[in-house]
Amino acid sequence: MSYDLIEESVDLGSPVELFEFRYGDASGEIFRFTSADYDVVVGGETYTSLAIERDSDTQGEDPDEGREMTITLPRDNPYADRYRDHGFERQVTVKVRTVHLDDPAEETRAIYSGRVVDVSWPWPTMAISCEPMGTLLARDGGRPRVSRQCWHTVFDRGCGLNRANWEVAATVVAIDGLSVTLTYDDSEDDFDNGWWLGGIFEDGDGVMRYIVAHSGLTVRLNRPLQGLAVSDAVQLLPGCDRTRQTCRDKFDNRINAGSLDYLPIKGPYEGNSLV
């Protein structure tokens, strides 16, 4: 029996919803839940039973063109654990489908397709804010800003620096909370205090953290890096404070500097009143 016949029947339907959160293709990068009161297998994939719910009025007929949606689930779940401990370095997509439990064909219907844009923690739940993929195309592109600071991000297309030329390999020798002590793989490497400030700390799996302090051979990360251990190999990238002086003296890249050093501190419409 088809999905539509079951859906339109008086007493044959037993619909449940299937939720999939994905930020990669590996098994550990996909989280699947269902609103059913027991685990459900659909298409060979297991959806774990969870007290999960979504906004009821989020969608038109096209799953990609709906409105924003909030998914609420208990904060004690594998997706929440991954978010708290490790974070997500790539975009997390979300798909919501419905299926009837008694349908031998396991035919599904798409309800929502989008991406996660925010997460909040109203006790005792986890609230996931999503928006449709179509909203990406409706937004304006990034525009240069008139600013005393450079509008580029170091190593992006506007900056023009080749990341590979600035990466430095290192090995972890000690970990104390957010502070990580390193030794550079090239024994001739030596960097002044603050060289890595604002830069990137990347582990062997490509997971990155922002460096908020650097002194000697020790850097401080903005967030914990789960699984980081002594003897791990890591990569470091220097930071930039987006001033012309740093662009010139640290990176020898003044030609691409986007900072406007001579921009007046006070704007033309911020004068003092005459009365």
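In this text, all values refer to a predicted model and were calculated from it rather than measured experimentally.

Draft legend 1. Region of interest: the pairing of strand β14 (residues 218-221). Only one face of β14 is buried, namely the one carrying V219 and L221, since none of T218 and R220 on the opposite face is buried. Sheet topology note: the strand β11 (residues 179-184)/β14 ladder contains 3 bridges and is antiparallel. Bridge pairing links S179 to R220 in β14. Where strand β13 (residues 208-215) lies against β14, 4 bridges are found, and the strand directions are antiparallel. Note on β14: the bridge partner recorded for H214 is V219. Counting the residues that bridge the hairpin from β13 to β14 gives 2 residues, and of these G216 lies at a positive phi of roughly 60°.

Draft legend 2. Structural detail: the packing of aromatic side chains. According to the stated counting rule, one finds 10 aromatic pairs in the structure shown. Relative to W196, the ring of W195 lies with its centre 6.5 Å away and its plane at 90°, an arrangement referred to as edge-to-face. Residue classification places W196 among the buried positions, given a relative accessible area of 0%. Taken together through their ring pairs, the aromatic side chains of F21, F31, F33 and Y79 make up a single cluster. Over the ring of W195 we find K250; its NZ or CZ atom is 4.7 Å from the centre of that ring.

Draft legend 3. Quick peek at the pairing of strand β6 (residues 69-74). As paired elements, strand β5 (residues 53-54) and β6 share 2 bridges and run antiparallel to each other. By the bridge assignment, R54 is partnered in β6 with I71.

Draft legend 4. Region of interest: empty space enclosed by the protein. The full count for this structure, using the stated rule, is 1 cavity of 30 Å³ or more. One number sums up the size of the largest cavity: a volume of about 120 Å³. The wall of the largest cavity is formed by 17 residues, among which C150, V154, C159, C240 and C247 lie closest to the centre. Here the lining of the largest cavity is composed, by residue class, of 8 nonpolar, 7 polar and 2 charged.

Draft legend 5. Broad picture of the layout of surface pockets. By volume, the largest pocket is sized at about 160 Å³. Lining the largest pocket are H152, T153, V154, F155, G198, G199, I200, Y210, L237, P238, C240 and R242. Of the residues belonging to the lining of the largest pocket, the class tally is 7 nonpolar, 4 polar and 1 charged.

Draft legend 6. Main features of the sheet that holds strand β15 (residues 233-237). Overall, antiparallel pairing links the 6 strands, which are arranged β10-β11-β14-β13-β12-β15 in a closed barrel. Ignoring which end each strand starts from, the neighbouring axes of this sheet average 45° apart.

Draft legend 7. Structural view of the sheet that holds strand β7 (residues 93-100). Read across the sheet, 9 strands follow the order β3-β4-β2-β1-β7-β8-β9-β6-β5 without closing on themselves; strand pairing throughout is mixed. Bordering the open sheet on either side are β3 (40-42) and β5, each of which pairs with just one other strand. Bridge count for β3 against strand β4 (residues 45-49) is 3 bridges, and the pairing is antiparallel. Residue pairing for β4: V41 is matched across the bridge by T46.

Draft legend 8. The side chain of T34, seen in detail. Structurally, T34 is set in strand β2 (residues 30-34). Given the relative accessible area of 0%, T34 is considered buried. Within the structure, T34 has its side chain in polar contact with the backbone oxygen of E17 (distance 3.1 Å). A distance of 3.2 Å separates a polar atom in the side chain of T34 from the backbone nitrogen of A36. In this view, T34 contacts V16, E17, L18, V40, Y47, T48, S49, L50 and I52; residues no more than four positions away in its chain are not counted.

Draft legend 9. Structural detail: the pattern of salt bridges. In the structure shown here, the tally under the stated rule is 10 salt bridges. For R32, the salt bridge is made with E45, and the minimal N-O distance between the two is 3.2 Å. With R32 in strand β2 and E45 in strand β4, the pair connects residues that are 13 residues apart, well separated along the chain. When its relative accessible area of 33% is taken as the criterion, E45 is described as partly exposed. Between E202 and R163 there is a salt bridge, with the nearest N and O atoms lying 2.3 Å from each other. Of the two residues, E202 sits in strand β12 (residues 200-202) while R163 sits in the loop between α3 (134-138) and β10 (168-176), which places them 39 residues apart along the sequence.

Reading the values: rules and limits
Residues numbered from 1 in each chain as written. Predicted model: local features only at pLDDT ≥ 70, side-chain atom pairs only at ≥ 80, totals over all residues. Heavy atoms only, no water. Buried < 20%, exposed > 50% of the residue type's maximum accessible area, 1.4 Å probe, protein only. Helix = DSSP H or I, 4+ residues; strand = E, 2+ residues; numbered from the N terminus. Pairing = 2+ DSSP bridges. Phe/Tyr/Trp six-rings, centres within 6.5 Å; stacked < 30°, edge-to-face > 60°. Lys NZ or Arg CZ within 6 Å of the ring centre and 35° of its normal. 1 Å grid on protein atoms, 1.4 Å probe; cavity = no way out; pocket = protein on both sides within 12 Å on 5 of 7 lines; lining within 4 Å. Points joined across faces, edges and corners; volume = space filled by probe spheres on them. Nonpolar A, V, L, I, M, F, W, Y, C, P; charged D, E, K, R; others polar. Axes fitted to C-alpha atoms, helices over the stretch in contact; angles between N-to-C directions. Polar contact = N/O pair within 3.5 Å; in protein donor to acceptor, adjacent residues only side chain to side chain. Contact = heavy atoms within 4.5 Å. Salt bridge = Lys/Arg side-chain N within 4 Å of Asp/Glu carboxyl O.

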